[in-house]
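Chain by chain, the residues:
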Amino acid sequence: MHTKILATLKGQQIRRKMVESAKESIKKKASNSEIYGKMQDVFIEIDKSPEIAVVKELEDLKKVVMKGENNGENEKQKFDPEKHIDAYLPVRVNEQRVSNLL
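This one's a predicted model, so the numbers in the text were calculated from it and none came from an experiment.

For the chain, the count of helices and strands is 6 helices and 0 strands. Ordered by position from the N terminus, the helices and strands of the chain form the series α-α-α-α-α-α. For the chain, buried positions account for 27% of its 102 residues. Excluding contacts between residues fewer than 6 apart, the proportion of contacts in the chain whose partners are at least 24 apart in sequence is 68%. Looking at the chain as shown, the accessible area adds up to about 7,400 Å², and 50% of this sits on carbon and sulfur atoms.

A pair of packed helices is characterised by two quantities: the angle between their axes and the separation of those axes. It is at 10 Å that the axes of helix H1 (residues 3-27) and helix H5 (residues 81-88) come closest, and there the two elements cross at 140 degrees. With respect to H5, the element H1 is oriented oblique. The way H1 lies across H5 gives a crossing that is right-handed. Of the residues in H5, those in contact with Arg-15, Met-18, Val-19, Ala-22, Lys-23 and Ile-26 of H1 are Pro-81, Glu-82, Ile-85 and Asp-86. Classifying every residue of the contact of H1 with H5 gives 6 nonpolar, no polar and 4 charged.

Glancing now at a nonpolar patch on the surface. Together, Ile-5, Leu-6 and Leu-9 line one region of the surface with nonpolar side chains, adding up to about 250 Å² of accessible area. Residue placement: Leu-9 occurs in helix H1. Assessed through its relative accessible area of 42%, Leu-9 is described here as partly exposed.

When the terminal C-alpha atoms of helix H2 (residues 32-47) are compared, their 22 Å separation across 16 residues agrees well with the 22 Å that a helix rising 1.5 Å per residue should span. Taken together, the buried positions of H2 are Asn-32, Ile-35, Tyr-36, Gly-37, Met-39, Gln-40, Val-42, Phe-43, Ile-46 and Asp-47. Of the residues flanking the end of H2, it is Lys-48, one or two places downstream, whose phi is positive at about 60 degrees.

Per-residue confidence for the chain gives a mean pLDDT of 77, with 76% of residues at or over 70. When pLDDT is averaged over each element of the chain, H2 comes out on top at 87 and helix H6 (residues 98-101) at the bottom at 54.

What counts, and at which threshold
Residues numbered from 1 in each chain as written. Predicted model: local features only at pLDDT ≥ 70, side-chain atom pairs only at ≥ 80, totals over all residues. Heavy atoms only, no water. Helix = DSSP H or I, 4+ residues; strand = E, 2+ residues; numbered from the N terminus. Buried < 20%, exposed > 50% of the residue type's maximum accessible area, 1.4 Å probe, protein only. Contact = heavy atoms within 4.5 Å. Areas by Shrake-Rupley, 256 points an atom, 1.4 Å probe, with all protein chains shown as cover. Axes fitted to C-alpha atoms, helices over the stretch in contact; angles between N-to-C directions. Parallel < 35°, antiparallel > 145°, perpendicular 65-115°, else oblique. Left-handed = near helix turned anticlockwise from the far one by under 90°. Nonpolar A, V, L, I, M, F, W, Y, C, P; charged D, E, K, R; others polar. Patch = residues over 30% accessible without salt bridge, like charges linked within 9 Å, V, L, I, M, F, W, Y side chains within 5 Å. Salt bridge = Lys/Arg side-chain N within 4 Å of Asp/Glu carboxyl O. Expected span 1.5 Å × (residues − 1). pLDDT = per-residue confidence, 0-100.

If you want it as structure tokens, here you go:
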């Protein structure tokens, strides 16, 4: 398979599992920091990157998730995993070998 297709499939898998974990946490009425923690754990579990790199890549997602806590849980500011994860999920494509391009 092509590298771009594999990256797309992996991104879809990560997104789906992160949305599931966020929705599960929301149903349990977890705090925003707990929701983000669960989503970060799912991302680390699937991605297998060093945790330091993951924390930096997910910093924007963390800001969006925590925004509801900082603003007193305003309904307009409430975190919706279906809407917000796509925009803040890091995308990675592994480099292809030069011989694959020829």
